[in-house]
Amino acid sequence: MCRSHAAVRSVIGAMVEEWSRPAVIDMEAGIEHMSRATGQHVDMILVVIEPYFKSMETGARVAELAREMGIKHVYAIANKSRSREDENALQQFCQQRGLDLIGVVPEDDAVKTADRLGVAILDHDETSPAVRELARVVEQRLM
Amino acid sequence: MKIAVAGKGGSGKTTIAGTLARLLAREGQKGVLAIDADSNPNLALTLGLERERLDNLTRIPREVIERDAATNRWVLTRAVDEIVREHGVAAPDGVTLLLMGWVEHAGAG
């Protein structure tokens, strides 16, 4: 692993450890980047999965790695779910793999529009279906 | 609560991370940090910082860590509160964004 990358991860780990208030860390994409320096200081990992097999499979591997690191709460959260069939497939996969699926965020045109405009979805449409599901997750599982 | 959000590129991981940070703050959590650990940083945008500001955001300088000679481990050179106060970026709903300042050079090793 490259030295400066190692340093970035170490500084994030050290800051997260010493910070006494909540933190949300947008991790590097990809399972190969999961690092103990960051992982050992978080209470919870949310693994974002999409409703297709490769994404769910990768997510299951990330979750497994997170458990091996000793992260206490390992959850899956689905994104871009387009239909009841998608939702069923996500739930079935997570059940089979012992993953706790804490939310299913629907595919949402408001998110795409916000992306196109370069604004936050919360500032574009805070009543959109994706935001409502994330708000439910926060209230019910993260507080 | 310290929450890591992981996932493949394109999965919407960053949108979820940024939105969750703001929703936690809206629920009354004080001092929520949003940390961009991705080498392709987009968290600022999904947190709702103005596009015009994106190129000029304060970043965490390299000097906040050093190798401890005795243990050979990376350690912070200053208190985290001080680092956040000086180098954090104020985002909507009272969230503070932390951006790593030297990620772009990482490829050079």
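All values derive from a computational prediction rather than experimental measurement.

A. Just helix H3 (residues 53-68) of chain A, in detail. For H3 of chain A, which comprises 16 residues, the first-to-last C-alpha distance of 23 Å matches the rise-based estimate of 22 Å (1.5 Å per residue) to within 8%. Every buried residue of H3 of chain A is listed here: Ser55, Met56, Thr58, Gly59, Ala60, Val62, Ala63 and Ala66 of chain A. Looking at the buried positions of H3 of chain A, the neighbouring elements they touch are strand S2 (44-49), strand S3 (73-81) and helix H4 (84-96) of chain A together with strand S1 (2-7) of chain B. With its phi angle positive at about 90°, Gly70 of chain A sits one or two positions after the end of H3 of chain A.

B. The interface of chain B and chain A, seen in detail. Facing 59 residues of chain B, the contacting portion of chain A comprises 58 residues. Summed over the three residues of chain B that lose the most area to chain A, namely Met1, Lys2 and Ile3 of chain B, the buried surface amounts to 14% of that side. At the boundary of chain B with chain A, the tally comes to three salt bridges. Of the charged contacts in the structure, one is a salt bridge between Arg26 of chain B and Glu126 of chain A, with a shortest N-O distance of 2.8 Å. If you look at where chain B meets chain A, you find 27 residue pairs in polar contact (both at pLDDT 80 or more). Among the secondary structure elements, those contributing two or more residues to the side of chain B that touches chain A are S1, helix H1 (13-26), strand S2 (33-36), helix H2 (43-47), strand S3 (65-67), strand S4 (74-76) and helix H3 (80-87) of chain B.

C. Inspection of the environment of Thr96 of chain B at higher detail. Within the secondary structure, Thr96 of chain B sits in strand S6 (residues 96-99). What Thr96 of chain B contacts, discounting residues up to four positions off in sequence, is Val32, Leu33, Ala34, Val84, Gly88 and Val89 of chain B.

D. Fine view of the sheet that holds strand S1 (residues 23-26) of chain A. Read across the open sheet, the eight strands follow the order S4(A)-S3(A)-S2(A)-S1(B)-S1(A)-S2(B)-S6(B)-S5(B); overall the sheet is mixed. One side of each edge strand has no neighbouring strand; the edge strands of this open sheet are strand S4 (100-106) of chain A together with strand S5 (89-90) of chain B. One ladder, built from four bridges, connects S1 of chain A with S2 of chain B; its direction is parallel. Its bridge partner being in S2 of chain B, Ala23 of chain A is matched across the sheet by Leu33 of chain B. Against the sheet, helix H7 (residues 129-142) of chain A touches S2, S3 and S4 of chain A together with S1 of chain B, its axis set at about 155° to S4 of chain A.

E. Focus on the packing of aromatic side chains. All names here are of chain A. Evaluation of the coordinates by the stated rule reveals one aromatic pair over all chains. Judged by centre distance (6.4 Å) and plane angle (85°), the rings of Phe53 and Phe93 are edge-to-face. Taken together, the positions of Phe53 in helix H3 and Phe93 in helix H4 put the pair 40 residues apart, joining distant regions of the chain. A relative accessible area of 53% places Phe53 in the exposed class. By relative accessible area, Phe93 is classed as buried at 7%. Just above the ring of Tyr75 sits the side chain of Arg141; from NZ or CZ to the centre is 5.2 Å.

F. Representation of the layout of surface pockets. Estimates place the volume of the largest pocket at around 610 Å³. Of all the elements in the fold, those that place two or more residues in the lining of the largest pocket are S3, S4, helix H5 (109-117) and H7 of chain A together with H1 and H2 of chain B. If one sorts the elements of the lining of the largest pocket by residue count, H1 of chain B sits on top with five residues. When its residues are assigned to classes, the lining of the largest pocket shows 13 nonpolar, 12 polar and eight charged.

G. Focus on the side chain of Thr14 of chain B. Summarising the element assignment, Thr14 of chain B is placed in helix H1. Those residues in contact with Thr14 of chain B, other than ones at most four positions away along the chain, are Asp26 of chain A together with Asn42, Leu43 and Thr46 of chain B.

H. Region of the structure containing the pattern of salt bridges. Scanning all chains against the criterion turns up 15 salt bridges over all chains. Linking Asp100 of chain A and Arg141 of chain A is a salt bridge whose minimum nitrogen-to-oxygen distance equals 3.0 Å. Of this pair, Asp100 of chain A sits in strand S4 while Arg141 of chain A sits in helix H7, and the two are 41 residues apart along the sequence. In this structure Asp100 of chain A comes out as partly exposed when scored by relative accessible area, which is 31%. A salt bridge links Arg136 of chain A to Glu133 of chain A, with the nearest nitrogen and oxygen atoms 2.9 Å apart. Note that Arg136 of chain A and Glu133 of chain A are positioned in helix H7 at a spacing of three residues, about one turn of the helix. Each of Asp123 and Glu126 of chain A together with Arg22, Arg26 and Asp93 of chain B takes part in a single network of salt bridges with overlapping partners.

I. Spotlight on the pairing of S4 of chain A. Residues and elements named next belong to chain A. Burial runs high along S4: five of the seven residues are buried. Here five bridges tie S3 to S4, and the two strands are oriented parallel to one another. Across the sheet, residue Tyr75 finds its bridge partner in S4, namely Asp100. Chirality of the crossover, the property in question, places the unit of S3, H4 and S4 among those that are right-handed.

Here is what the cut-offs are and how they apply
Residues numbered from 1 in each chain as written. Chains lettered and ligands numbered in written order. Predicted model: local features only at pLDDT ≥ 70, side-chain atom pairs only at ≥ 80, totals over all residues. Heavy atoms only, no water. Helix = DSSP H or I, 4+ residues; strand = E, 2+ residues; numbered from the N terminus. Expected span 1.5 Å × (residues − 1). Buried < 20%, exposed > 50% of the residue type's maximum accessible area, 1.4 Å probe, protein only. Contact = heavy atoms within 4.5 Å. Buried area = accessible area lost by both parts, 1.4 Å probe. Salt bridge = Lys/Arg side-chain N within 4 Å of Asp/Glu carboxyl O. Polar contact = N/O pair within 3.5 Å; in protein donor to acceptor, adjacent residues only side chain to side chain. Pairing = 2+ DSSP bridges. Axes fitted to C-alpha atoms, helices over the stretch in contact; angles between N-to-C directions. Phe/Tyr/Trp six-rings, centres within 6.5 Å; stacked < 30°, edge-to-face > 60°. Lys NZ or Arg CZ within 6 Å of the ring centre and 35° of its normal. 1 Å grid on protein atoms, 1.4 Å probe; cavity = no way out; pocket = protein on both sides within 12 Å on 5 of 7 lines; lining within 4 Å. Points joined across faces, edges and corners; volume = space filled by probe spheres on them. Nonpolar A, V, L, I, M, F, W, Y, C, P; charged D, E, K, R; others polar. Right-handed = clockwise from strand over helix to strand, strands pointing away.

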